Amino acid sequence: SCNESVIGITSVFKGAFVHSTHTSPMDILENFILGVSEAGKIVFIEGAYEQENLAKRWGFRNTDITHLKDWEFFIPGMVDTHIHASQYSYMGTGLDMPLLQWLNTYTFPAELKYKKTEFAEEVYNKVVKRTLKNGTTTACYFATIHTDSTLLLGEIADKIGQRALVGKVCMDINNTVEEYKETTEESVEETKRFISTLLQRKYPQVKPIITPRFVLSCSDKLLKDLGFIAKNNDLHIQSHISENTEEVQIVKEMFPDCTSYTDVYNKYNLLTNKTVMAHGCHLTDKELDIFNQRGAAISHCPNSNLSLCSGLLDVRNVLKHKVKIGLGTDVSGGYSPSMLDAIRRALDTSKALTIQTSGYETLTYKEVFRLATLGGSQALALEDTIGNFEVGKDFDAVLVSPSIPDGPFDVFAGDTFEVVVEKFLNLGDDRNMVEVYVAGKKVVPFKE
Ligand code: GUN
Ligand code: FE
């Protein structure tokens, strides 16, 4: 029809596509053909036997088709639902103490350095590139309290081509590192300046997110004002919740009138269908019910939960409560920037729970793959735009090449596609991720 022919197809890929849907944690679509529009959206995805019909209907030639090589496949770009861009500078170090000591000893002194935008520029370029080449097409970032550095993170994500939610961190109490603190007024005013400046720049794939650090760092007034700003501007919200038992205990003492940690955020309008809360290891069933009612999501950060000895999140129970959930690296509480690592640590965590609990239903690698892709898109309220290869969504994708020379694993003649995907998820790394696309644009290998 007329309507269809005005949409220009810019690329057509033929080969295998691996993704998740609501009904299946992993579908392997072998010998399929997928078309991407100029606007970067998936226009069709069908069996290759439809090639002739599709070519006529959409006006492309056989020579326009990019053929995937043997064993190659596309997966949806992975969604890191929780990562501290600023903590990338000390990633892989300082994992020898529990959360609250860790924050004061390593984190706050490190984050203080981002007062200097030159330092921020160096680290933020590196973290965006590192995560993007590891297949993270969407990242939900904490920066620091510094507005100009945080704006720079948004600019860098846009320039390099990563989809991102970017948060200026808000904290006005309980900080033992004296210099790394804002007044309540500063925090609120700078948040407003951050939001309006970032929105003015109209980056197509970079959006602001309201970011109270966590209850222990924020006064009542700050929480209240941030909830209000988020509500009035329909903004995303991120924070931390119920990560560590000591933290949960202190929150209880700070808010004797609130029935739970969740109740505190809920009271300040910070639990919405655009909220993602990191960790949630120690949430009760009642709290999960509130998450479900509000449509708020959890970011499961298994590497961090193990590295800081915070706890083991029972993902099966979260799923039973129908709470949206994705995976996060939580760099640098988590020591790896890779979502493949998050997948593996999520499986390890589920297996540790299986050891502890007789009859526990261990997560499958396919379910965890879904958490890293479709689950993450749901957790960030971006499911209409990303998460899998459905028509109408943006083409955010990673081209995986399993049998590269000197790669991290081997493929043998008798292997099925399913086996090769499983090997990649357990053993693969960025060497296998030969191309990365965001909204139809090739962003890895990098432009410069
Ligand atoms: N809780 C408050 N701040 C942080 C942080 O930076 N990392 C982690 N893992 N938990 C937090
Ligand atoms: Fe975190």
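Residues numbered from 1 in each chain as written. Chains lettered and ligands numbered in written order. Predicted model: local features only at pLDDT ≥ 70, side-chain atom pairs only at ≥ 80, totals over all residues. Heavy atoms only, no water.

Peer 1: Residue-level account of the overall build of the protein chain, with values.
Peer 2: Assigned secondary structure in the protein chain consists of 15 helices and 17 strands. For 448 residues, the compact-globule formula gives about 22 Å, and the C-alpha radius of gyration of the protein chain, at 22 Å, lands near that figure. When its C-alpha atoms are laid out on the principal axes, the protein chain stretches across 65 × 55 × 40 Å. Look at the contacts in the protein chain between residues 6 or more apart in sequence, and 73% of them connect residues 24 or more apart. Summing over all exposed atoms, the protein chain offers an accessible surface of approximately 18000 Å²; the carbon and sulfur share of this is 50%. (Helix = DSSP H or I, 4+ residues; strand = E, 2+ residues; numbered from the N terminus. Rg over C-alpha atoms; globule rule 2.2 N^0.38 Å. Contact = heavy atoms within 4.5 Å. Areas by Shrake-Rupley, 256 points an atom, 1.4 Å probe, with all protein chains shown as cover.)

Peer 1: Explain helix α14 (residues 365-379) residue by residue, including any values.
Peer 2: The largest bend in α14 amounts to roughly 45° and is located at L371. Summarising burial for α14: 13 of the 15 residues are buried, a large majority. Of the residues one or two after α14, A381 is the one with positive phi, at around 55°. (Bend = angle between axes of the 7 residues up to and from the residue. Buried < 20%, exposed > 50% of the residue type's maximum accessible area, 1.4 Å probe, protein only.)

Peer 1: Tell me about the coordination of the iron ion (ligand 2), and name the residues and values.
Peer 2: A metal bound by six donors in octahedral fashion has ideal angles of 90 or 180 degrees, whereas one bound by four tetrahedral donors has an ideal angle of 109.5 degrees. Here the iron ion (ligand 2) is held by the protein donor atoms H82 (NE2), H84 (NE2), H240 (NE2) and D330 (OD), which lie 2.0 to 2.3 Å from it. Here the iron ion (ligand 2) is ringed by 4 donor atoms whose angles at the metal span 90 to 172°, and the overall shape comes out irregular. Mapping the donors of the iron ion (ligand 2) onto the primary sequence gives the spacing H-x1-H-x155-H-x89-D. Of this pair, H84 sits in strand β6 (residues 78-84) while H240 sits in strand β11 (residues 236-241); the two residues are 156 residues apart in sequence, bridging distant segments of the chain. By relative accessible area, which is 2% here, H84 ends up buried. (Donors = N, O, S within 2.8 Å, 3.2 Å for Na, K, Ca; no water. Tetrahedral: all angles 85-135°; square planar, octahedral: opposite > 155°, others 65-115°.)

Peer 1: Lay out the side chain of S336 with the relevant residues and their values.
Peer 2: Looking at where S336 falls in the secondary structure, it is placed in the loop between β14 (324-327) and α13 (339-356). With a relative accessible area of 10%, S336 lands in the buried category. A polar contact of 3.1 Å, which involves the side chain of S336, links it to the backbone nitrogen of S338. Among residues more than four places away in sequence, those in contact with S336 are M91, N303, T329, V331 and D341. (Polar contact = N/O pair within 3.5 Å; in protein donor to acceptor, adjacent residues only side chain to side chain.)

Peer 1: So what about the site of ligand 1? Which residues, and what values?
Peer 2: Around ligand 1, the neighbouring residues are H84, Q87, L99, W102, L103, R213, F214, H240, E243, H279, S304 and D330. At 3.5 Å, a side-chain N or O of H279 approaches a nitrogen atom of ligand 1. In this structure the site holding ligand 1 corresponds to the largest cavity. Per-element tally for the shell around ligand 1: the top contributor is helix α3 (residues 99-112), with 3 residues. In the shell around ligand 1, the residues fall into 4 nonpolar, 5 polar and 3 charged. (Near = heavy atom within 4 Å. 1 Å grid on protein atoms, 1.4 Å probe; cavity = no way out; pocket = protein on both sides within 12 Å on 5 of 7 lines; lining within 4 Å. Sits in = over half its atoms within 2 Å of the grid points. Nonpolar A, V, L, I, M, F, W, Y, C, P; charged D, E, K, R; others polar.)

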